[in-house]
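Topology and contacts: notes
So you can see what is in the structure, the chains are spelled out below.
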Amino acid sequence: MKKLVISTGAGISAESGVKTFRDTGGLWENYPVMKVASADGFRENPALVHQFYNARRDQLLSVQPNAAHLILKELENDFDVRIITQNVDNLHERAGSTNVLHLHGELMKIRSMTHPERVYELTPPDIHTSLETRDSYGDPVRPHIVFFQEDVPNFEPATQLTREADIFVVIGTSLAVYPAASLLHYTRPEVPIYYIDPKPTIVTTSNKDINYIAKKASEGVAELAEILRKNYL
Ligand code: OAD
């Protein structure tokens, strides 16, 4: 089976009703990003950060995977599909995708402030955390999210996967945040690249040919699945 590596961003979850970050009406229009999603912001006002992610979790519970997530799951019948997502939602997993690497952490997980290797899954209805929340060792916890100003521990495995790709696909990201945006530069020279986004960011620093599919994820991924089955099976 050909290895199909797919890098997804907020746009793939937009049709599920999850807001993107930088579009008009996006999350960062209403929340100061450095206050709710940075290491400095968390140090300065951790209560606000807990509140912000509690609200994000409430919202995640109210939405479902959309056609784009479901088609990516179906592609596992024909390809060795590996998803690298910048999203902190769990919609790929809920659609049934079996290989998902989260670059920016996971909304439904928290971890110990003092022992970062102690990561816990939140299970509804207990999905809210606060300054008072303690793990079973009595230690305070934080969202299992990669804040701005922090390292991206899964970037190294993501570059490795990208180097192994036979086909590389980018879906629904503005390619504004590094190092995630640089992933496509790790593809081998002969590897075809597809980029699905109604308003794709034109990649100018790459000498690679990019096949743009300027459509919403649901439509674009359906079109991609046809192209892949026709050309690469
Ligand atoms: P952005 O909000 O920067 O970009 C969203 C992209 O989705 C844009 O290019 C839109 O054109 C596209 N889009 C909108 N609707 C779409 C649809 N229906 N189908 C497909 N694409 C659509 O989101 P990201 O690029 O994911 O990090 O942002 C990257 C990171 O910035 C996030 O992971 C988050 C944020 O700060 C952290 O919080 C750590």
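In what follows, the accompanying structure is described. Model, not experiment: these values are computed from the prediction.

**Comments concerning empty space enclosed by the protein**
The final tally for this structure, using the stated rule, is 1 cavity of 30 Å³ or more. Forming the boundary of the largest cavity are Ser7, Gln86, Phe168, Val170, Leu175, Ala180, Ala181, Leu183 and Leu184. For the lining of the largest cavity, the per-class residue count stands at 7 nonpolar, 2 polar and no charged.

**Structural notes on the layout of surface pockets**
The calculated volume of the second largest pocket comes to roughly 190 Å³. Those elements that provide at least two residues to the lining of the second largest pocket are strand E4 (105-112) and strand E6 (141-145). Looking at the lining of the second largest pocket, the element that brings in the most residues is E4, giving 3 residues. Looking at the lining of the second largest pocket residue by residue, the classes come out as 4 nonpolar, 4 polar and 4 charged.

**Looking at the packing of aromatic side chains**
This structure, assessed with the given rule, holds 8 aromatic pairs. For the pair phenylalanine 155 and tyrosine 186, a centre-to-centre distance of 5.8 Å together with 80 degrees between the ring planes defines the contact as edge-to-face. Of this pair, phenylalanine 155 sits in helix H8 (residues 155-164) while tyrosine 186 sits in the loop between strand E7 (167-171) and strand E8 (193-196); the two residues are 31 residues apart in sequence, bridging distant segments of the chain. The exposure class of phenylalanine 155 is buried, given its relative accessible area of 12%. For tyrosine 186, a relative accessible area of 29% translates into the label partly exposed. In textbook terms, an aromatic cluster arises when at least three aromatic residues are bridged by ring pairs, as seen for Phe21, Trp28, Tyr31, Phe42, Phe52, Tyr53 and Phe147.

**Structural notes on the sheet that holds strand E5 (residues 119-121)**
Taking strand neighbours across the sheet as the criterion, the 3 strands line up as E5-E4-E6 in an open arrangement whose pairing is antiparallel. Because the sheet does not close on itself, it has two edges, and the strands there are E5 and E6. The average undirected angle you get between the axes of adjacent strands in this sheet is 40 degrees. Sheet topology note: the E4/E5 ladder contains 3 bridges and is antiparallel. Residue arginine 111 lies in a different strand from E5, and its bridge partner there is valine 119. Contacts between helix H5 (residues 46-61) and the sheet are confined to E4 and E6, with E4 contributing the most and set at about 135 degrees to the helix.

**Topic: the environment of asparagine 45**
Among the secondary structure elements, asparagine 45 is positioned in the loop between helix H4 (39-44) and H5. Of the residues examined, asparagine 45 reaches a relative accessible area of 36% and is grouped as partly exposed. C-alpha of asparagine 45 to C-alpha of valine 170: the two residues are 125 residues apart in sequence and 34 Å apart in space.

**Remarks on the environment of isoleucine 127**
By secondary structure assignment, the location of isoleucine 127 is in the loop between E5 and E6. When the C-alpha positions of isoleucine 127 and leucine 61 are compared, they lie 9.7 Å apart, and in sequence the two are 66 residues distant. Contact partners of isoleucine 127, with chain neighbours within four places excluded, come to Asn54, Arg57, Asp58, Leu61, Met108 and Leu122.

**Focus on the site of the ligand**
Taken together, 23 residues form the shell around the ligand, and within it Phe21, Arg22, Thr173, Ser174 and Asp197 come nearest. Alanine 10 is positioned such that a nitrogen or oxygen atom in its backbone is 2.8 Å from an oxygen atom of the ligand. For the ligand, an oxygen atom lies 3.0 Å from a polar atom in the backbone of glutamine 86. Against a free-state accessible area of 800 Å², the protein chains account for coverage of 93% of the ligand.

**Digging into the side chain of histidine 69**
Its location among the elements puts histidine 69 in helix H6 (residues 67-74). Among the polar contacts listed, one links the side chain of histidine 69 to the side chain of serine 13, at a separation of 3.4 Å. Excluding anything up to four places from it in sequence, histidine 69 contacts Ile12, Ser13, Ser16, Leu91, His92 and Ala95.

**Some words on the sheet that holds E7**
Taken together, 6 strands build an open sheet; the order of strands is E3-E2-E1-E7-E8-E9 and the sheet is parallel. Both edges of this open sheet fall to strand E3 (100-102) and strand E9 (210-213), since each of them pairs with a single strand only. In this sheet, adjacent strand axes meet at a mean angle of 20 degrees when their direction is disregarded.

Criteria and cut-off values
Residues numbered from 1 in each chain as written. Predicted model: local features only at pLDDT ≥ 70, side-chain atom pairs only at ≥ 80, totals over all residues. Heavy atoms only, no water. 1 Å grid on protein atoms, 1.4 Å probe; cavity = no way out; pocket = protein on both sides within 12 Å on 5 of 7 lines; lining within 4 Å. Points joined across faces, edges and corners; volume = space filled by probe spheres on them. Nonpolar A, V, L, I, M, F, W, Y, C, P; charged D, E, K, R; others polar. Helix = DSSP H or I, 4+ residues; strand = E, 2+ residues; numbered from the N terminus. Phe/Tyr/Trp six-rings, centres within 6.5 Å; stacked < 30°, edge-to-face > 60°. Buried < 20%, exposed > 50% of the residue type's maximum accessible area, 1.4 Å probe, protein only. Pairing = 2+ DSSP bridges. Axes fitted to C-alpha atoms, helices over the stretch in contact; angles between N-to-C directions. Contact = heavy atoms within 4.5 Å. Near = heavy atom within 4 Å. Polar contact = N/O pair within 3.5 Å; in protein donor to acceptor, adjacent residues only side chain to side chain. Areas by Shrake-Rupley, 256 points an atom, 1.4 Å probe, with all protein chains shown as cover.

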